[in-house]
Structure formats: structure tokens, C-alpha cells
Amino acid sequence: MIKKELEMPLRLRKLEALLRRVDEFHPKYAEIREEFRKRMSGYRGEQSLKYYLSFLKEKDYLTLHNLRLPDISGEHFFEIDILLMSPTYILIIDAKNYRGELYFDGKFEQLIQTIDDRKKAYSCPIAQINRHQLQFRRLLQQLKFPPILSESLVVFTNPTSIISASKGHNQIQKVIKSTSFLSRIELFEKRHKKIIYEKKQLQKLSKSLLKKHTPFDGDILKQFGINQKDLIKGVACPKCDKLPMYRTERQWHCKYCQHSSNKAYLESIIDYQLIISNTITNSQLRDFLNLPSPTAARNILYSLQLKHAGTRRHRVYFFNEI
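Read on for a plain summary of the structure. (Residues numbered from 1 in each chain as written. Predicted model: local features only at pLDDT ≥ 70, side-chain atom pairs only at ≥ 80, totals over all residues. Heavy atoms only, no water.)

### Notes on the overall build of the chain
- A tally of helices and strands in the chain yields nine helices and 16 strands.
- Seen through its principal axes, the chain has C-alpha atoms that stretch 65 × 50 × 35 Å.
- Contacts in the chain between residues at least 24 apart in sequence constitute 62% of all its contacts with a sequence separation of at least 6.
- As displayed, the chain has an accessible area near 18,400 Å², and 48% of this comes from carbon and sulfur atoms. (Helix = DSSP H or I, 4+ residues; strand = E, 2+ residues; numbered from the N terminus. Contact = heavy atoms within 4.5 Å. Areas by Shrake-Rupley, 256 points an atom, 1.4 Å probe, with all protein chains shown as cover.)

Dropping the structure here:
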């Protein structure tokens, strides 16, 4: 049973919106694009794993996607791509969609990716998932749930990747290709026979974890040291993503793909919410969308039926959660 569906994480949505609003010649553009590429790759890996997850018996597992949980210190968070919970064991999955040749260096705990004779080093996903496994066990203890044996897997979903490891790497068994996922599940089910959690306990645990789940909602501009004045303003075309569109009396028009829409501004307002703030004023909307007048901005804000406080030019509008 799926208790938390797979959806694009909020951090990834923020990166996507920011990438659209930063000029490609901005000094931070490459850094933003690289983080977006890395996180989008992981998200696509999780999407491809859904096919294999669909073969699991629904009554035997609870599935939670994209959990961001606090560790017991309360100061740090750890992220789990996929959590599978059964009455006999719990499985933590880290999905990767890397391509090329992937070499696990056990001596220095790093993953080295080679594409077209170019090498790139990443922190070791095995070390990371081991840390998450430890943090999860401590969180269970804090929540006063009985200890249960846990397993962890790093699953590479790109069918073209080639995986190897340094000699004697003692934890490479935690790394598999997605095609081996179901056979590894069979192994875990044979290994763990004793029922630790009754189904009611599993349901209770899933509710506790969902309460602890804290999506990333940090200031994405602050993270990259970008000033609001550096953002590209205007309405982005919902068809080709280019901006700005130009406005006539009743519609927005894209000079790049010729798309026209009278609601094109809606996605750009979401960009504002993702990048800047959960509140907005008439003047802020005018500035962000390049609107010609307070009346045009007021008509848009009224159409959104947002909660608000204050009167006239001091009125502040509150967005719904996204």
C-alpha cells in the first residue's frame, strides 16, 4: 500500500523555477543547473523503480516516497528516496540514475563516474545510506517503536551504466541494478521471517513518519547567493518555457513559439511562490510579471481568491501551500 505517493520534491521544483529565471551567463547558473540535473536524475530513477515496486504484494508492504526526516538531534535532516515497511523488516532505498562507468572506491569511500574519458567523483552512496539507516533506527527508538531489522539498497536505474568496485569492497552487495530489485526482495523475505510489527503498528509508524516529514522549504535565493534583481522578470510561456511573453488586452503571447493564453501568468505566479515568498502584494506582482498597472495586478489577485490582510495598497495576499 502506498502511504506517500511519489511526487516532484519541493526542492527540485524550486531549482526548476530558479533555473528558468536566471540568465545562462549568470555566474551561479552552472551551479544551479548541476544541482538540478543531479536531483532530477534521482527523481527519474525513483520514477523508473515504480515499475518494479508494482510487483510487490500490496498487503505486505507500506511504501513511502521522498521522506525528509529529522535526526534525533533535531538540528539535521536525512532524506530517504523510498522506504518499504513490512511486518518483518524495513528497507531503505536510494535510487540513482547515473550513466557511464561507475567505480566504487572502498578505500576513499567515493564513487567515480567516467563518461567519455572524463572522471567525476561523488560521495559514496553506500556510506550515505548506511548513515541514513543508523539515523532511521535512532528515530524509531525516539518514537518508541520496537527495534526491527533494516536493510538498505543503492539501486542504479540507468540500464546503460557499468558498475565495478575496488578489490575487497565489503559492502558492494548493497549496490544493485534495478533489474535485480525483485530477486533481492525475495532474498530479504527469506532472511526475515519473524513478525516484529503487526499491521496496525505499521500503520501507526507510517503516520508518525508522515508527521515527522519536513519538506525542504528553504530560501533558494539565499542558498545560491542570488539577489532578486538578478531574476528574469515577466510571464514564462507555459508551452516552450521562454520568457517574457508580451501582453495584449486579453491574452499573453509568446514571440518564440507563437503560443497564446489568457492564463499563462498562473505558472509564473507559482515561480514567484517557489523562489521568493508565500505572500505577495500588488506592487510585487506587478514587478515580477511586468504588469502595466495596479488594476491589471488587482484583477489577477482577485481571480486567485487568495486569503489576504490589510487594505488598499497595504494589502498582503497569502498563497496556499504547494
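There is more to say, and it comes next.
### Some details on the sheet that holds strand β2 (residues 62-70)
- Taken in spatial order, the six strands of this open sheet run β1-β2-β3-β4-β8-β10, and their pairing is mixed. Every other strand in the sheet has two partners, leaving β1 (2-4) and β10 (175-177) as the edge strands with one partner each. Pairwise comparison of adjacent strand axes, ignoring direction, gives a mean angle of 35° for this sheet.
- Examined bridge by bridge, β2 and strand β3 (residues 77-85) share eight bridges and lie antiparallel to one another. The partner of H65 across the bridge, within β3, is I82.
- Packing against the sheet, helix α4 (residues 181-191) makes contact with β3, β4 (90-96), β8 (150-156) and β10, and its axis sits at approximately 170° to β8.
- On the sheet, helix α5 (residues 199-212) packs against β1, β2, β3 and β4 and is oriented at approximately 40° with respect to β2. (Pairing = 2+ DSSP bridges. Axes fitted to C-alpha atoms, helices over the stretch in contact; angles between N-to-C directions.)

### Things to note about helix α7 (residues 265-275)
- Within α7, eight of the eleven residues are buried, leaving the element largely enclosed by the surrounding structure.
- Residues Y265, S268, I269, D271, Y272, Q273, L274 and I275 constitute the buried set of α7.
- For α7, the secondary structure elements touched by its buried residues are α1 (10-21), α6 (220-224), β12 (252-253), β14 (279-280), α8 (282-289) and α9 (294-304). (Buried < 20%, exposed > 50% of the residue type's maximum accessible area, 1.4 Å probe, protein only.)

### Some points on the packing of α8 against α9
- For the pair α8 and α9, interaxial distance at closest approach is 9 Å and the crossing angle is 105°. Considering the angle they form, α8 stands roughly perpendicular to α9. Facing α8, whose interface residues are N282, L285, R286 and L289, α9 presents P294, A297, R298, I300 and L301.
- Across the contact of α8 with α9, the residue classes tally to six nonpolar, one polar and two charged. (Parallel < 35°, antiparallel > 145°, perpendicular 65-115°, else oblique. Nonpolar A, V, L, I, M, F, W, Y, C, P; charged D, E, K, R; others polar.)

### Quick look at the environment of H169
- For H169, the position within the fold is in the loop between β9 (162-165) and β10.
- Between the C-alpha atoms of H169 and F104, which are 65 residues apart in sequence, the distance is 8.1 Å.

### Side note on unusual backbone geometry
- The peptide bond linking L243 to P244 adopts the cis configuration, its omega dihedral lying at 0°.
- Here P244 is to be found in the loop between α6 and β11 (246-247).
- Unusually for a residue other than glycine, D116 sits at a positive phi of about 55°.
- Within the fold, D116 resides in the loop between β6 (110-115) and β7 (118-123).
- Residue D116 is classed as exposed on the basis of its relative accessible area of 70%.
- Although it is not a glycine, N290 sits at a positive phi angle of roughly 55°.
- Within the secondary structure layout, N290 lies in the loop between α8 and α9.
- With relative accessibility at 47%, the residue N290 sits in the partly exposed group.

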